[in-house]
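# Overview (structure and organization)
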Amino acid sequence: RAIASRQVLWLLRATSAFVQPVGVQRLFIMRSSIVFGGLSGVLAMAHRKSAGCVGTECGSGSYDSMQPKEGLWGISAEQMGELLSIAGNDVPEEAVQNASAFLEGNSQWVFGHRGEPAACGTPLAIRVTEQPWIGMGVAEAATDAPLTFGEMKDVQVEGFWVRQTHKCSKTYQIICEEGVSKVRRTMACNGDTINHKITDIRENESFKICPGHDGKDFKVQVPMVDLIWHNDYHAAVEGCVEVGVASEHETAAFDWGNTKSMLGDARQGAQRGSVHAYARKYGGCVTYQKPSDWPARGNDFAKDFGFSLKMARWGQSKRAAWFRNEPNYTKWTKWTRFQNKIDLVKQLAVFGSFHGNRTLAFNAFAWANCGEPETMLYGPQFFRYEDVVKESQSLTQKRGYFTATMDQTEDCFMRNMVLFQSSDSPQHRQARDLYDRAGMSNMHEGEMSAVVGNATTREEGTPDGWVVTRQVAKLILEKMLGVVATEEQIDTVAKYDSVGKLCVFGNPIKSLGLLSTSEVAMIRNVTRGLVSGSRFGSKIREIIAGAEFDQLRAMAPAEDHMQHVADGTLFAGVLGTNDMTYKCIKQQFEDPTHVPMFRSDNSKYLYETMRLDGAVTSITSTMSKETTFMLEGYATKFPAGTPQQVVYATANRDPNQFANPNVFDMHRANLDDMITWNGQLKHVKNRDYSKAPRFCPGHDLSVRVAAAVCAHFTQHL
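To keep things clear, this report deals only with the structure shown in the data block. Everything quoted here is computed from the prediction, not taken from an experiment. (Residues numbered from 1 in each chain as written. Predicted model: local features only at pLDDT ≥ 70, side-chain atom pairs only at ≥ 80, totals over all residues. Heavy atoms only, no water.)

### Structural notes on the overall build of the chain
What the chain contains, in helices and strands, is 28 helices and 20 strands. Here the chain holds 717 residues, and 53% of them are scored as buried. In the chain, the share of contacts with a sequence separation of at least 24, taken over all contacts with a separation of at least 6, comes to 71%. Counting only carbon and sulfur atoms, one obtains 53% of the accessible surface of the chain, whose full area is about 30900 Å². (Helix = DSSP H or I, 4+ residues; strand = E, 2+ residues; numbered from the N terminus. Buried < 20%, exposed > 50% of the residue type's maximum accessible area, 1.4 Å probe, protein only. Contact = heavy atoms within 4.5 Å. Areas by Shrake-Rupley, 256 points an atom, 1.4 Å probe, with all protein chains shown as cover.)

Rendered as structure tokens:
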């Protein structure tokens, strides 16, 4: 009907163009549109009336069940007469709009391509789609009892033309009738059952309900596996629910032949494990059927992130193809590497659409590929807690001159800095020993200067970020280096919080002209001077002369370590601590319930803040040997030395490790399992090199400084 109306309208436009002036053309076309469009809308409303459809649940698969079998377009002679009489009257504008939305958005039936009815016992897939959090279950139509798979309650339904409102509910069931799998939906209003509508389930088709599009409250009633973290599905349906014949891909993922005979929790547990293993083997969501499904998954995030994630998904798919053709990025053509740099700019735009929040962006990347590895810029990134914790504990973790999987630049960090040395190298071990003996192991102890600055009230709003950053920089310099910096020096160091952030993107961001190398150089030089003239710098010169530091001296002379410490002070000390501090302040200004939580135990409060949204969201290690990653359905072999991104931000929200991972709970029993400060918190606090070989030596100091500055600026709340 919609296609026919558009064809007629096109013909009218074409005809009128030859016979009428422009002004008359417009009037003629408009009146014709009203006639044909209005008739289509009236017919659609008649179908809706006969079916008892609610909202956007009359999707592609439900069209057949709505359609009576007699008369023109399935409408009886009596109904047609009623419609023709109504068409002569004024139609409410709202009714026309509803009919138009229904016609354009829900009538997706393609005639001539209908599959055969599915026999009872055929594996059926129940899918939650078109939303970020997706789930799936596999069931069958049994001969003995219907399977209720969904329910909508308290739905407000308006009458056809009469302005009446009914309080209704709908129940959706899978049934076996006459040897065919079918969907039955029952509508009840004001306690009375209104009707039953039954639809055959056919090959290559889906019965689709989209209650979330209209904000309806739809509950899935059968056990489902969430396809992202492989737990029981329990998220609200904000998109659509589909029922259709399960593909071979889906039945294999659920190991249907082995799990169908199990009952209750045993079956659900077996299906979860099977889906997890299959997704890992396949490299993506088990619902993906073809290569275009990977980037298309970005469409499910349009409501939350607009076009951005869709753009990111296309970029990831493009890089996956490049890696399949040539896994060693250093052998890419100049054109490919240039395209990858342009993709970096797009990635920055994507982060901007997530309000600049890397945690939100990384989690969206994980959700979009069902928790399986995806591409970053010059290597893969992985998300699950089990993989991330294994890498963080590795005593042989390999490193290269990379951050964010990109090659670094001497404009930001020296190549021989300890950050880029492998965990099992003598240089790394000797550097950590040197820094501990020079004072990093106890720099948090002793007196600390008072925090100054205007502490605002809730009515005055959150304190100025620059004022907070200056206090953090002052205390970090004081406690770490033992220096009392001038106001000018504090201003210079604090400026790194805005200028130095892009250093994480290294040489590619520099080559694009987006890194202010002159400002970064000025800040680094000032900080190096502070380190060199400090007691900490003097101790490094003294201790490194010992025989036990021979290989460290060969790699980096004492003066290089002045710059190493300066860069660590800026990037981890100032940037990281300031990030934690400002989040602590902002949360309390935005939510009064956070104030007593912080004051009851500021350390736990800061830890939970960092679990939910850490200052360090990921780190870059390198592959110790040739490693195969499943990227978008293809096994891709990466050579040893390829950079890989280890994502803390997603591991800390993995529901397999943390119950209610998106809820702030500073008293959670396993808080110490969180991965931040470069290791599991329990091992970082114990300074355990055997379980967290790369733990942040400034952990204790950063927590103390953040707690003091946060307490000062929230004292009036």
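From this point on, the discussion continues.
### Some points on the packing of helix α20 (residues 517–532) against helix α23 (residues 558–590)
The contact between α20 and α23 brings their axes to 8 Å, and the two run at 115°. At the point where α20 passes α23, the crossing takes the right-handed sense. Of the residues in α23, those in contact with Ile523, Arg524, Thr527, Arg528, Val531 and Ser532 of α20 are Glu559, Met562, Gln563, Val565, Ala566, Asp567 and Leu570. When grouped by side-chain class, the residues that make up the contact of α20 with α23 number six nonpolar, three polar and four charged. (Axes fitted to C-alpha atoms, helices over the stretch in contact; angles between N-to-C directions. Left-handed = near helix turned anticlockwise from the far one by under 90°. Nonpolar A, V, L, I, M, F, W, Y, C, P; charged D, E, K, R; others polar.)

### Notes on the sheet that holds strand β9 (residues 225–226)
An order of β7-β10-β1-β2-β9 is seen for the five strands of this open sheet, with the pairing classed as antiparallel. Each edge of the open sheet is held by one strand with a lone partner, namely β7 (206–209) and β9. The sheet contact formed by strand β1 (residues 124–129) and strand β2 (residues 135–139) spans five bridges and is antiparallel. Bridging from a neighbouring strand, Ile126 pairs with Gly137 of β2. (Pairing = 2+ DSSP bridges.)

### A closer look at the packing of aromatic side chains
Counting across every chain of the model gives 26 aromatic pairs. Taking the centre distance of 4.8 Å and the plane angle of 55° together, the rings of Tyr288 and Trp294 count as tilted. Residues Tyr288 and Trp294 agree in their burial class; the two are buried. Each ring, one from Phe629 and one from Phe638, has its centre 6.0 Å from the other, and the planes form 80°; the classification is edge-to-face. Taken as a pair, Phe629 and Phe638 share a single burial class, namely buried. Here the aromatic residues Trp322, Phe323, Tyr329, Trp332, Tyr378, Phe382, Phe402, Phe629 and Phe638 are joined through ring pairs into a cluster of three or more. (Phe/Tyr/Trp six-rings, centres within 6.5 Å; stacked < 30°, edge-to-face > 60°.)

### Description of the side chain of Arg611
Residue placement: Arg611 occurs in helix α25 (residues 602–612). For Arg611, a relative accessible area of 1% corresponds to the buried category. In this structure the side chain of Arg611 is engaged in a polar contact, spanning 2.9 Å, whose partner is the side chain of Glu608. Among the polar contacts listed, one links the side chain of Arg611 to the backbone oxygen of Val663, at a separation of 3.3 Å. Apart from residues no more than four positions distant in its own chain, Arg611 is found in contact with Asn652, Arg653, Phe658, Pro661, Val663, Arg668, Leu671 and Met674. (Polar contact = N/O pair within 3.5 Å; in protein donor to acceptor, adjacent residues only side chain to side chain.)

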